[in-house]
Every structure is written in C-alpha cells, then in structure tokens.
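Read off the chains here:
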Amino acid sequence: MAMRRFLQRSPLLLTDQNGFTNTKFIKSIAVSTLSPTSETLKISEEISCFLRKNNWKTTIASSHVPSKLDPDVVCAVLHQNQVGDPKRLLDFFYWSQSQMGVPQFLDSFSILAVKLCNSNHLGLANEVLTQMVRSHYSSSSILDSIFFLFRNYEGSSAVVFDLLIDSYRRMSMLDEAANVFFVAKKDSILISLTRCNSLLKDLLKCGNMKLFWKIYDGMLDAKMGFDVKTYATLVNALCKTGDLMGAKRLLIEMDEKGLNPNEFIYGMVIERMCQVGAINDAIELKKCMGKRGLVPNYDIIIVGLSRAQRMNEAKLTVEEMQKMGLKPKHNTCSALIDGFMREGNIEEVLRIRDVMVSCDIPINLIPYNAVIHGLCKFGNMEKVAEVLEGMVALGCKPNSQTFCSLIEGYCREHNIGQALEHLHEMEKRNLVPRAVTYGAMINELCHCKDLSLAIKLLEKMTSSGLKPNVIVYSTLIKGYADEGRIEEARRLLDEMRCEGVAPDIFCYNAIISSLSKSGKMEEASTYLLEIQRWGLMPDAVTFGSFIIGYSKIGKMTEASKCFHDMLDHGFMPNNLLYTVLTNGYFKAGNLKEALSTFQHIHALGVPPDVQTCTVFIHGLLKNGRVQEALKVFSELQEKGLVPDVFTYSSLISGICKQGEVNKAFELHGEMCLKGIAPNIFIYNALIDGLCKSGDIQRARELFDGISEKGLEPDSVTYSTMIDGYCKSKNLEEAFSLFHEMPSKGVQPHSFVYNALVYGCCKEGEMEKAMNLFHDMLQKGFITILSFNTLIDGFCKSYKLQEASQLLQEMIAKQIMPDHVTYTTLIDWHCKAGKMEEANLLFKEMRERNLIADTITYTSLMYGYNKVGQLSEVFALFKEMVAKGVEPDELTYSLVVYAHCKENNLVEAFKLRDEIVRKGMLTKGAIHNLLIFSLCKREDLSEASKLLDEMRELGLKPSLAVCAVLVCSFFQAGKMDEATQVFEGVKSLGLVPDTASLIDIVNGNLNDRDSEDAKNLIKQLV
C-alpha cells in the first residue's frame, strides 16, 4: 500500500464524545503512514487485542501502551480494524486523543467516517465529519482523504459523501458542499436526490444562483430523476429570478412525468405572477388548480388583484372564497381596504370591515388606520369621525398613526383648527407626531400666513427629536419670502445648514421669486451665485423668476439673457413667461423684440394661450398696429381658443384709442352674441372713444344704458363723460354729472376736478375754475396738472400776474412745477413782450434742473424776435442745438426770419437746406420769408426759382409773397415774368378767376390764409 501524506499548517481541534474540546495545539507536520513500521504494527495489534475486551480502557491504562500512543499508532489501529466494532474504534479514537494531547491524523477521521457509514452508523459518522469540517483543514484535503479511504475499503457506502455535504451545509459552507457534489460526480459517485434537493434549496435561499444552476446542470448531466421537491425548488428559483415562462414550462414538464404539481408549487408561481402584475396568468393557473381539485391560495390572488386596482374582480374572488367556506386573512382584508380606498369607494371599504367582523377576523389598528388614512386622503372628514367613534367603541385606541392621518387630513381640508386640536390630544397621550405630520401642519400654517405658530411647531418638532427635512424648511422659507420677510427666510436657510440639511433649489427659488417680484434683482442675483457655489442647478422656476423680475423693472436686455440661458439649460418656457416677456418688450417700446418673442412661441411649438394673445394684441394696439392686432385676434379663434372678456377689453380699448369706434362697437356686438358679458372697462372704453370722436350724444346714451346691463358707472365712467362734456364746451352737463356722482356712491377724484377745471378755463370761466381749485385743495386732490391747467387758463385770459401768483403758491405748497409750468408762463410772457420776466422764469427753470424743450426755446426766440433782440435768438438756437434739443419747423422759421432781418441770406439758406435734408419742411413759411428777402434785394430771378421750388416740394406759397414778387417784376418792367407768376397764383386758387394782374399790383386782393405773412412783409419791405 502506497504512502500518503497530508501537510497541515493548522492544528486540529478535537471534541470527544462527551462534547468537550481539547484545546492543545501542535505546530509540527502531521503525517499519516498507511504502511506502518513493525513497531507501530506490534503496538497496534496489542491495542486491538485489548479493544476486544469490554474493560479495554482499564486494561490499556495499566499497561505500557499509553506511553507508546501516537497518531501513527491510532491510525494503524483504525485502519487494521481487527476489533470489528466501529463504535468501539470511535471510543478508542476519542480516548487516545485525551491521552496523547496531540492532533489526530486527518486519515484517522476519514477511516472512522467511511467505516461508520459502511456499518450504517450514520449519526456517529455525521459527528466525525462535522469535526473534520470544523477543523482548519482545507476542504480539498478533507475530500482527498475521504476519497482515498473510500476507494481503499471495498464496498464502501457513498452515503459518506451525502453526510459530508450535510456537514458543509450546516456550516453554511455551500461552495465546499457543491464541490463535494462535483468531485463525486466526476468519479461517478452519485449523490442522493435528497441531498441535492437540500443543497439546491440552501443555494436558492442565500441567492447563489450561479452555483444553483451549476448543480442543476450537474444533476441533469447525471440523469438524476427529479421528484416533486426538486421541481418545487426549481419553480421557486425561476419565480425569484422573474422567469415565469420557465416556471410554467416546469409545471408542464411535471405533468408529462406524472408528477402532479401540488398547491404549494402552484401557489409559488401564482404569488410571483401577482407580484409582477401578471394577474391574468395567475387567474389562468387558479382555474387549472380548480380543474385538478386543488384549492388555490385565494388570499394571494385577492392581494394581487387589489394591488393592480382590479377591485371588482377582487370583490368577486372574496365572494367565491366565502362560498367555499374559507375566510380571508387579515392581510388580505387590509389589501382590499387599501385598494378600495385608492378608488375612493368608501362603501366597499366599510363592507370589508363588516366582512372582517362577520368572519371573526380580529380588527386591530392596522385596518382601522388604513380606513382612516384613506378617508382623510379623500377629504371625507365627516365619515372619519364616525369610523373613529366605532373604532374606540370596539376598544381600539387610536395610536400615533391614527392621529397623524387625522391631522394630515384636516390640513388638506385647510381646517388647521381641528388639526391643532388633534395635536393637543396626541400630546396628552404622550404620542409623538411623525415628521410628515409636522410638515403638513407647518405647510397649512404658512398657507394661513400664521408664520409665528409655524415656527413654534418647528421648535416643538426639533425638541421631540425629529429632524425637519428640506421640505419643511422650504415651506417655511416660502412662507416668509411670500410676505417679503427675506431676512427671516435667510435665517432659516442658514439654520438648515447648521442642522445638516442641505437647502435645495426650491428653498432658493422661494427667495429669488419674492425678490424678483419686488424688483430687487441685484439682491436676487446674489442668491443665484450662492446656488452655483453650492453646486445646485437653477431650474425653470429660477430662470422664470429672473425673467419676470427683469421684465417688471424694464431691464429687457437682462430678461432676454435669462430667457436664452433657460433655453440653453434645456428648459422650455411656458406661456406665462412668453406673456411676461412680450409685455415687457411692449412696455419698453421695443416692438421688434415683442414681435420676435411672439413668433418664437410658434417656432418652439408652444401654442400661445388666450392670455399671451391678449397681451400681444394689447401691445400691438398701443403701438397703433390695429390691423395686426385684429389678425392675431382672428388667428386666436381659428385655433379654437375662445377670447375672454379681457381679450375683448384690450381690443375694444385699443381700437377706440385709434379712433375706430365703429369697429369697436362691432366687436362689442360680437362678444355679446357669444355670451361674453362686457365689463365696465369695455363700456368706459366705448364711451371714451365716442367722446373723443365728438359723438357726445351717443356716449351719453351708452352711459345711461349701463345700469340696464347689470353694471354701475364707476369713477372712470363719470370722469370720461365729464371730460367729454368739458371738451365739447357743455359745462352744464359736466357739472350735472359731477353733482350726481356722490348720490350714486361714486366720489369725484382728482381727474374729474382737473377735467372740470380745464373745461372752465377753456370757456374763460376762471371764477368757477378757482372755486373747484379751492375744493381740490381741501380734499388733497391738487396735482401739478391742476396748477398747470389754471396757469394756462389765466395766461390765455391775459392775466399773467394771477398766473405768476399761482406759480408761487404752487412752490409754497411744495408741489414742484415742471417744465410744462415754466414753458407755459415763458410762452405767454414772450407773447406779451415781457422778455425780462420770461428770461427770469427761464433762469429759475434751469436752477430747478428742469429740461427746457423745443417749445421753451421756440417761445423765447419768438419773444426776442418780437422785441428785435436778434442776437438772443441766435444764442438760444446755438444753445438748444448744443444741449441736444431738436429744433422743429417753427424754430427754424424764427431763426431764418432773424437772419433775413439782418440780411444774412447765406445763413438763412443754410438753415433752409438743413431743414429740407431732415425732411421737416411741411409749411411754406421759410420759403415765403426767403422770397420776401430776395425781392427786397431785387434778386427776382432767385426769388422766382424759390417759388418754383415750393411748387416742386408741394408747398403752397402765401398770396402775400406772390403779390410781392408780382409787384417786383411789374416795377422792374418785366411784364412777362409778372404775368407768369400771376397765372401761377391763379392756378393755385389763391385769387378769384375774375382777378387781374392790376388788381394784385394795386393791392386790391387780401390773403385770407396768412395774416402773419402780412406782418412779415411790413417788417421786410
């Protein structure tokens, strides 16, 4: 017999048959010699003789044998097996261990395991194998040793490998157990099906599916016949891995092999089908079970149907189950309650509760809490109170979950009072709400704007050991931000970080939105930087807030940048943002960008809604684009959108402002036919349009008919009518409406008073105007407009002293005059030739940093022209150009007149060329002046050319200038030229067809169109 050696680097811990462990270790190499020496054989034979006696322990102990014992001797005794009793050999094995104090050889264990199995002492063999597995020997060494001895002993039982697999399984050493299977199979040793089934079951339990399928493949390869347990494990494995088709194939295979699947196997497949939502397949299997006389697990199917929200089928299955005398389990009823609750079917929920009572299924807090939670979720708080009462009557005490559901339900219904009452009840019972419940109450308190109580709840929450999450904090931050309390919101933001809760983008969005709505964009931008610093990404709300904020304050460049940044980040703007942007561009006067933005909506495939179209229509109308607005209005309706009252309001108001009153009334009729009731704003717009078009009578008829429409005239209605009457010089009706207003519950405001003051001033009724003015002073209605209107009235009545006194009174009342105030006074002082006073007013105006406009400068130039101070005219013209004030045609005329007076026609013609280049020439005054001057210098050829130029430019010369030119030619003896000019005068219709050349020479014709031209002639000729 060849020698085998097993090198062991760790000691073997041995446990004797009484369960005590020998803890002595050796560090030497343990060697088994199955070809023992003669000395070892001699001692082993002697020991074998002793072992045949019943008192072998005593006999051996009294001999010299104990001193000769070593692992080689023990191994030889076991190997020779001269005793014939494996149990006695095992006893000797344990006894010798206690005598030697050194580890036994691995082969000694293997010999015992094989011999014990061969003699059918499987329990003892199992103990020995367990000792081997628990040792520090490698699994390969153990398996090698057993295989060697298994082959060494003829007729050895393969059950030793079954027991070895069991030992490894009990120690959770499944890889090693599997290895025994594979090595045995390779050596054509067949492991029992029972052990294979157990090993597969353990591998499935621990999830080692790779090894599971290797064992399965090995079993197939070994052509092992599977039993029901094998199939049950395989079906379970396929179900766990989601291979339901494979599981169904195994059921068919079982049928083909005559192995009928039992209820357990069917149940596994049905349960997994229900779990993955394959309810129809589960029901089919249930039918198969019924055909085989098997009772399906109704509870599994009912739970599956309930989870799939197939509640009608679940209900029918319960009824089928009850007909068979089966009662649903507690968790089945809970699933049914949950399913019906999700449907909001309170009646069925309560019916299930009754089923539980009738079936003696204990109703504990779980189903009751499910019912209460569902009722609270659907807002049926009255029914909740009823169920709660019944629950308490049955002896079920509400727990924390019950109260939390109630509190959250009342919060959803915005009944914070009841929610707080239940919170107080919880505290009395020493129950602690969950974090979500605190969050719901804090959210509702923020909704009610009771932030102080919300903060108290936050403090109570933290003191109870609950940590507020980011949602709770963001709710509070939004509450503070919505009220504009940014400092408190900021404090909470800092507190979050201190508590280890990282603020999310919603926290920052609340603050940014509030700041943007307030127009505090610089401060909002600091939070955007903070967002980026903390690694958060702005979302659509962030960008939207900035777009809204910048648009609100008119910074459309910044709004546009945010808009494009939003697109670059992959966010699609909604109609609100397009509406805001479009409105912002219109308000900023940027019609081009407004149109571009509206077109961009279509390009992105975002259909504009009614609000967006309404804003766009309103903007177009404000810019005078009536036809385009009407086109958008038509397109809006073509796309199936229904214009609302605001759309019609914008359209009718805009069209009325453009003077197209008839079209506005057409739209009014259209909206009435569609059943859209016009509001007072629309009637105000129509009345205003009629008043502005001079149809005051029709405006009054519309005014009087407003009450019949279920509306009442408001302050704007009265103001519009009064203003209309004032402008149409009907002060009597204006004052009649004015006195009517208080009786209708409408108090006159400053606009009404200003309109009446204007009307009185226009009619020269300055005493009435002053009476109204004093009323306005008492009521605090006085504005700059009031003073300006009165000052203008006094000026037009040539009462400059009273006008100047009003200016002083205005300053005394700290109502600062504007450029209109000063320009009006300057203009009338200039017309009166009071240039010293006019100049003082001009100086005072500049001291107040008021900007003089074209009218101011033109008035002063007129005055200085009138008093002959032409150098002042030139100085003022130079100053206004230097200050960037654009001269108009009248300004140029006055400067040209001054140059003509000084006979400086070169400069006069330069100004003529400049005004022609600017396209500002609409009247013939400048050409008339130049022709007069040329005639005075007797440069009749140039004068005649200038007259021809006027005709080419479409300008009509005055009769006076034509008369001067005719007379000049006549006096120079140039009758042909005189006649030619005269014929031109007749062709222009400046003189009757019956007039003759002599009539014009003798001065018998008057210029009906230009008295100012006559005055100029007198000064020039």
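Residues numbered from 1 in each chain as written. Predicted model: local features only at pLDDT ≥ 70, side-chain atom pairs only at ≥ 80, totals over all residues. Heavy atoms only, no water.

A look at the overall build of the protein
Looking only at helices and strands, the protein has 58 helices and two strands in total. Taken over C-alpha atoms, the radius of gyration comes to 55 Å for the protein, far larger than the 31 Å a tight globule of 1021 residues would show. When the backbone C-alpha atoms are referred to their principal axes, the protein occupies close to 180 × 70 × 60 Å. Within the span of the protein, comprising 1021 residues, buried residues form 49% of the whole. Across the protein, contacts joining residues at least 24 apart in sequence account for 61% of those joining residues at least 6 apart. Total accessible area on the protein stands at roughly 49,500 Å², and carbon and sulfur atoms take up 51% of it. Averaging the positions of the 112 positive and the 123 negative side-chain charges in the protein gives two centres separated by 8 Å. (Helix = DSSP H or I, 4+ residues; strand = E, 2+ residues; numbered from the N terminus. Rg over C-alpha atoms; globule rule 2.2 N^0.38 Å. Buried < 20%, exposed > 50% of the residue type's maximum accessible area, 1.4 Å probe, protein only. Contact = heavy atoms within 4.5 Å. Areas by Shrake-Rupley, 256 points an atom, 1.4 Å probe, with all protein chains shown as cover. Lys, Arg positive; Asp, Glu negative; His and termini not counted. Charge placed at Lys NZ, Arg CZ, Asp CG, Glu CD.)

Focus on helix α32 (residues 556-568)
In an α-helix there are 3.6 residues to a turn, and that puts residues three or four apart on one side. Here α32 is 13 residues long and its end C-alpha atoms lie 18 Å apart, about the 18 Å a rise of 1.5 Å per residue gives. Buried within α32 we find Met 556, Ala 559, Ser 560, Cys 562, Phe 563 and Met 566. The arc that holds the buried residues of α32, viewed along the axis, is 160°, so those residues lie on one side. Structural note: α32 exposes Thr 557, Lys 561 and Asp 568 on the side pointing more than 90 degrees away from its buried face. Residues of α32 that are buried sit in contact with α31 (540-552), α33 (575-587) and α34 (591-603). (Expected span 1.5 Å × (residues − 1). Arc of directions from axis to C-beta.)

Some details on the pattern of salt bridges
By the definition in use, this model includes 39 salt bridges. A salt bridge links Asp 704 to Arg 700, with the shortest nitrogen-to-oxygen separation between them at 3.0 Å. Placement of the pair is Asp 704 and Arg 700 together in helix α40 (residues 696-704), with a separation of four residues, close to one helical turn. A residue is classified by how much of its surface remains accessible, and Asp 704, at 45% relative accessible area, is partly exposed. Given the relative accessible area of 16%, Arg 700 is considered buried. (Salt bridge = Lys/Arg side-chain N within 4 Å of Asp/Glu carboxyl O.)

Looking at the environment of Leu 841
Along the chain, the position of Leu 841 falls in helix α48 (residues 835-847). Setting aside anything within four residues of it in sequence, one finds Leu 841 in contact with Leu 807, Tyr 822, Leu 825, Ile 826 and His 829.

Digging into the side chain of Thr 824
Examined against the element boundaries, Thr 824 turns out to sit in helix α47 (residues 819-831). Look at Thr 824 and you get buried, because its relative accessible area is 13%. With sequence-adjacent residues up to four places away left out, Thr 824 is seen in contact with Ile 791, Asp 792 and Cys 795.

Focus: the environment of Gln 104
Along the chain, the position of Gln 104 falls in the loop between α5 (86-100) and α6 (106-118). On the basis of relative accessible area, Gln 104 is assigned to the buried category, the value being 0%. Each C-alpha atom, one on Gln 104 and one on Cys 75, is 8.1 Å from the other, the two residues being 29 residues apart in sequence. One polar contact links the side chain of Gln 104 to the main-chain carbonyl oxygen of Phe 93, over a distance of 3.2 Å. A polar side-chain atom of Gln 104 sits 3.0 Å from a polar atom in the side chain of Ser 96. (Polar contact = N/O pair within 3.5 Å; in protein donor to acceptor, adjacent residues only side chain to side chain.)

Overview of the confidence of the model for the protein
In the predicted model, the protein carries a mean pLDDT of 84, and 94% of its residues have values of at least 70. Overall, residues 1-31 carries pLDDT values under 50, and its contacts beyond four positions in sequence, including any with other chains, amount to 62 contacts. Confidence over residues 1007-1021 falls short of pLDDT 50; this stretch has 25 contacts with residues more than four positions distant or in other chains. (pLDDT = per-residue confidence, 0-100.)

Side note on a nonpolar patch on the surface
A contiguous nonpolar patch, built from Val 295, Met 324 and Leu 326 and spanning about 220 Å² of accessible area, is present on the exposed surface. Judged by its relative accessible area of 32%, Leu 326 falls in the partly exposed class. (Patch = residues over 30% accessible without salt bridge, like charges linked within 9 Å, V, L, I, M, F, W, Y side chains within 5 Å.)

Looking at the packing of helix α49 (residues 854-867) against helix α50 (residues 870-882)
Their axes nearest at 8 Å, the elements α49 and α50 cross at an angle of 165°. With respect to each other, α49 and α50 are oriented roughly antiparallel. Read as a crossing pair, α49 and α50 show a hand that is left-handed. Side by side, α49 and α50 meet where Thr 854, Tyr 857, Leu 860, Met 861, Tyr 864 and Asn 865 of the first sit next to Leu 870, Glu 872, Val 873, Leu 876, Phe 877, Glu 879 and Met 880 of the second. A class-by-class count of the residues in the contact of α49 with α50 yields nine nonpolar, two polar and two charged. (Axes fitted to C-alpha atoms, helices over the stretch in contact; angles between N-to-C directions. Parallel < 35°, antiparallel > 145°, perpendicular 65-115°, else oblique. Left-handed = near helix turned anticlockwise from the far one by under 90°. Nonpolar A, V, L, I, M, F, W, Y, C, P; charged D, E, K, R; others polar.)

So, helix α54 (residues 940-953)
Between the first and last C-alpha of α54 there are 20 Å, a value that for 14 residues agrees with the 20 Å anticipated at 1.5 Å per step. Those residues of α54 not exposed but buried are Leu 940, Ala 943, Leu 946, Leu 947 and Met 950. Here the buried residues of α54 occupy an arc of 115° about the axis, which is enough to place them on one side. Across from the buried face of α54, at angles greater than 90 degrees, the exposed residues are Lys 945 and Glu 952. In this fold, the buried residues of α54 make contact with α52 (905-917), α53 (925-936), α55 (959-971) and α56 (975-987). Gly 954 lies just past α54 and shows a positive phi near 80°.

Looking at the packing of aromatic side chains
By the definition in use, this model includes 26 aromatic pairs. Pairing Trp 56 with Trp 95 gives two aromatic rings, centres 5.8 Å apart and planes at 90°, and the pair type is edge-to-face. Here Trp 95 lies in helix α5 and Trp 56 lies in helix α2 (residues 56-61), a separation of 39 residues in the sequence. Judged by its relative accessible area of 12%, Trp 95 falls in the buried class. An angle of 85° between the planes, with centres 4.8 Å apart, marks the rings of Phe 212 and Trp 213 as edge-to-face. A connected cluster of aromatic rings, assembled from ring pairs, spans Phe 212, Trp 213, Tyr 216, Phe 226 and Tyr 231. The ring centre of Phe 665 lies 4.1 Å from the NZ or CZ of Arg 698, which sits over that ring. Lys 768 extends its terminal NZ or CZ atom over the ring of Phe 735, reaching a point 5.4 Å from the ring centre. (Phe/Tyr/Trp six-rings, centres within 6.5 Å; stacked < 30°, edge-to-face > 60°. Lys NZ or Arg CZ within 6 Å of the ring centre and 35° of its normal.)

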